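Breakdown of the fold
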Amino acid sequence: MDYLIILLSYFTQLIAIMNPFSAIPTFMSLTEGLERRRRLEIVKKAYFAGLILVILFTLVGRYILEAFNISIASLRVGGGIILMTIALDMLGDEVRTKRMHPGDIAVVPIATPLIIGPGTITTILLLTSSLQETTGIIVVLIAGVIACSVTFLILALSDILTRLLSMSTVRAIGRFMALIISGVAVEMIIQGLHSYYVELFKG
């Protein structure tokens, strides 16, 4: 039961930062004029690319931190600032961290940075680096895979959702997700500063 609650918590954080609803308007404009079959092919390719990124950073994230000698406390503070910036951007008309880049639209910009951006990567690194046991990392991996799958499923249904909900409703849901992200960002910063405070008095 404990692992189920943790899994739900990790999933909520990851689905919030991936924020598929904020990606729908950009995806629709990128694929405008294409047949639904072609759109689904793009989503499928982007899904596998995003899945690879999630698995990669979940499994080797802690080694990346060790290689750069980055502490958990500093990552929490830095990651919290990044997430807060993304949350504030989502409340505006255009998200600076999700602007278009040239190249294959399935991988860039749809898979990254539109879905698996710096905020998602930072969140995965934070979750995995704070865990020691293998079971915990597996929970993060499962949460990441589920969140990634749900995100791209929503993207695949984007044309149906925009017809049912209207684009303004989709944007409103995306901005609501920004509030969740800002809350996660505040928690990260507070936990990071608390860790620094504890280490300072230990020394």
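Remember, predicted model here, so these are calculated numbers, not experimental data. (Residues numbered from 1 in each chain as written. Predicted model: local features only at pLDDT ≥ 70, side-chain atom pairs only at ≥ 80, totals over all residues. Heavy atoms only, no water.)

Looking now at the packing of aromatic side chains. The tally for this structure, following the rule as stated, stands at two aromatic pairs. Arranged with centres 5.4 Å apart and planes meeting at 55°, the rings of Tyr47 and Phe48 form a pair that is tilted. Look at Tyr47 and Phe152: their rings are 5.8 Å apart centre to centre, the planes differ by 65°, and that puts the pair in the edge-to-face class. Separated by 105 residues along the polypeptide, Tyr47 in helix H3 (residues 36-67) and Phe152 in helix H7 (residues 134-156) bring together distant segments of the chain. Taken together, the ring pairs connect Tyr47, Phe48 and Phe152 into an aromatic cluster. (Phe/Tyr/Trp six-rings, centres within 6.5 Å; stacked < 30°, edge-to-face > 60°. Helix = DSSP H or I, 4+ residues; strand = E, 2+ residues; numbered from the N terminus.)

This part covers the pattern of salt bridges. If the charged atoms of two oppositely charged side chains come close together, the side chains can form a pair. With the rule as written, the count across this model stands at four salt bridges. The salt bridge involving Asp159 is made with Arg36; its shortest N-O contact spans 2.9 Å. Here Asp159, found in helix H8 (residues 158-165), pairs with Arg36, found in helix H3; they are 123 residues apart in sequence, far enough to count as distant. The salt bridge involving Arg38 is made with Glu41; its shortest N-O contact spans 3.3 Å. Taken together, the residues Arg38 and Glu41, both in helix H3 and three residues apart, mark about one turn of the helix. On the basis of relative accessibility, which here comes to 39%, the residue Arg38 falls in the partly exposed class. Salt bridges sharing partners connect three or more residues here, namely Glu35, Arg37, Arg38 and Glu41. (Salt bridge = Lys/Arg side-chain N within 4 Å of Asp/Glu carboxyl O. Buried < 20%, exposed > 50% of the residue type's maximum accessible area, 1.4 Å probe, protein only.)

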